[in-house]
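A look at the structure
These are the residues of each chain, in order.
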Amino acid sequence: MTVEVLRLGHRPARDQRLTSHVALTARAFGADRVHVSGGEDSGPIETVESIVERFGGEFTAEREPSPKKLVKDWNGDVVHLTMYGLPVQDVVEEDGLTHSEADDVLVAVGSRKVHGWIYDEASYNVAVTSQPHSEVAALAVFLHMYFDGSELDLEHPGGEIEVVPSGQGKKTREPE
Ligand code: SAM
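Residues numbered from 1 in each chain as written. Predicted model: local features only at pLDDT ≥ 70, side-chain atom pairs only at ≥ 80, totals over all residues. Heavy atoms only, no water.

1. Things to note about the side chain of His 10
- Structurally, the position occupied by His 10 is in strand β1 (residues 3–10).
- Leaving out residues up to four positions away in the same chain, His 10 has contacts with Asp 15, Gln 16, Thr 19, Val 36, Ser 37, Gly 38, Gly 39, Asp 41 and Pro 44. (Helix = DSSP H or I, 4+ residues; strand = E, 2+ residues; numbered from the N terminus. Contact = heavy atoms within 4.5 Å.)

Have a look at this one:
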């Protein structure tokens, strides 16, 4: 089973940081891949690649020139995160949209303006509160609920360094 994230409408001049944060949040919270659609820009993809090299895991990032096709051809559930959707807590509980019960999942998040087609093509339009906030926050909360917290213990083998959890200061080590 795979969990992938589609970043819609990336704007190279404005969204560098936010799109990188979408990708890094996807990785840290247990997704396998991010697809970046919108303006052509290798920046966020290079950021992800350097983090994976340093901190490990098998997360991948790629540019997506045809997001509509990706969504239409997706063999599983498509979850579009939007403040106008159904409450995440209801969808997870009532529809069984969890890691243990669901098929492959593609989670779509927007940037400033989201085109109407994604609302129609999504299997679920899901809200993390009905208030406007951020794609990064919405993605983190959705994945946390989808994985039922198990993503917090995820390991990312194969990196150059790993963090040694510590109550004081910053400790890292080279993995054995
Ligand atoms: N005005 C935009 C719209 O029409 O949806 C909202 C843009 S918001 C800055 C960027 C993205 O954050 C949205 O496309 C959505 O994916 C996500 N987002 C923001 N608030 C959300 C919420 N309450 N629930 C779920 N996703 C949210």
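2. A look at the pairing of strand β4 (residues 77–87)
- With four bridges joining them, β4 and strand β5 (residues 105–109) adopt parallel strand pairing. Looking at β5, one finds that Val 79 is bridged to Val 107.
- Following the chain from β4 across helix α4 (residues 88–94) to the adjacent parallel β5, one finds a crossover that is right-handed.
- With five bridges joining them, β4 and strand β6 (residues 124–127) adopt parallel strand pairing. When the bridges of β6 are listed, Val 79 appears paired with Tyr 124. (Pairing = 2+ DSSP bridges. Right-handed = clockwise from strand over helix to strand, strands pointing away.)

3. Details of the pattern of salt bridges
- Scanning the entire structure with this criterion turns up seven salt bridges.
- Across the salt bridge formed by Lys 69 and Asp 73, the nearest N and O atoms sit 2.6 Å from each other. With Lys 69 and Asp 73 both in helix α3 (residues 67–73) and four residues apart, this pair spans about one turn of that helix. (Salt bridge = Lys/Arg side-chain N within 4 Å of Asp/Glu carboxyl O.)

Just geometry here; none of it tells us what the structure is for.
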